[in-house]
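One letter stands for each residue in the lines below.
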Amino acid sequence: MIYCVVPQALADELYDKLAEYYRDDPHVEVIIDRRAQGGSPGDHAAYEEQRRQRPKGSFPTIEPPA
């Protein structure tokens, strides 16, 4: 399946045209991107800050089997 993603800001202008263009192609679906738009660079938390933090504390050393 191929998704032709139309930004929400351009949906009024492009969605109907693209849906008509790909109407006969069963492998293409035209969708509107409804994710939050906007914001300035730097407004969002960095990727590194969103990762799971490592457990705190010390852990015993694991010896390989003999």
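Structural notes, computed from the coordinates.

Moving on to the overall build of the protein. Looking only at helices and strands, the protein features 2 helices and 2 strands. Per-residue burial over the protein gives 9% buried out of 66 residues. Of the roughly 6,600 Å² of accessible surface on the protein, 52% is carried by carbon and sulfur atoms.

Here we come to a nonpolar patch on the surface. A surface patch of nonpolar side chains, about 340 Å² in accessible area, is lined by Met-1, Tyr-3 and Val-5. Residue Val-5 is classed as partly exposed on the basis of its relative accessible area, which comes to 46%.

What follows deals with the packing of aromatic side chains. A full pass over the atoms with the stated rule returns 1 aromatic pair. Ring centres of Tyr-21 and Tyr-22 lie 4.9 Å apart, and the angle between their planes is 90 degrees; on these two criteria the pair is classed as edge-to-face.

With that settled, consider the side chain of Asp-33. Among the structural elements, Asp-33 can be located in strand β2 (residues 28-33). Of the residues examined, Asp-33 reaches a relative accessible area of 12% and is grouped as buried. Excluding its chain neighbours within four sequence positions, the residues that come into contact with Asp-33 are Val-5, Val-6, Pro-7 and Gln-8.

Relative to the helices and strands, Arg-34 is located in the loop between β2 and α2 (47-50). Along the backbone, Arg-34 and Ala-9 are 25 residues apart, and their C-alpha atoms lie at a distance of 9.5 Å.

Procedures and definitions
- Residues numbered from 1 in each chain as written.
- Predicted model: local features only at pLDDT ≥ 70, side-chain atom pairs only at ≥ 80, totals over all residues.
- Heavy atoms only, no water.
- Helix = DSSP H or I, 4+ residues; strand = E, 2+ residues; numbered from the N terminus.
- Buried < 20%, exposed > 50% of the residue type's maximum accessible area, 1.4 Å probe, protein only.
- Areas by Shrake-Rupley, 256 points an atom, 1.4 Å probe, with all protein chains shown as cover.
- Patch = residues over 30% accessible without salt bridge, like charges linked within 9 Å, V, L, I, M, F, W, Y side chains within 5 Å.
- Salt bridge = Lys/Arg side-chain N within 4 Å of Asp/Glu carboxyl O.
- Phe/Tyr/Trp six-rings, centres within 6.5 Å; stacked < 30°, edge-to-face > 60°.
- Contact = heavy atoms within 4.5 Å.

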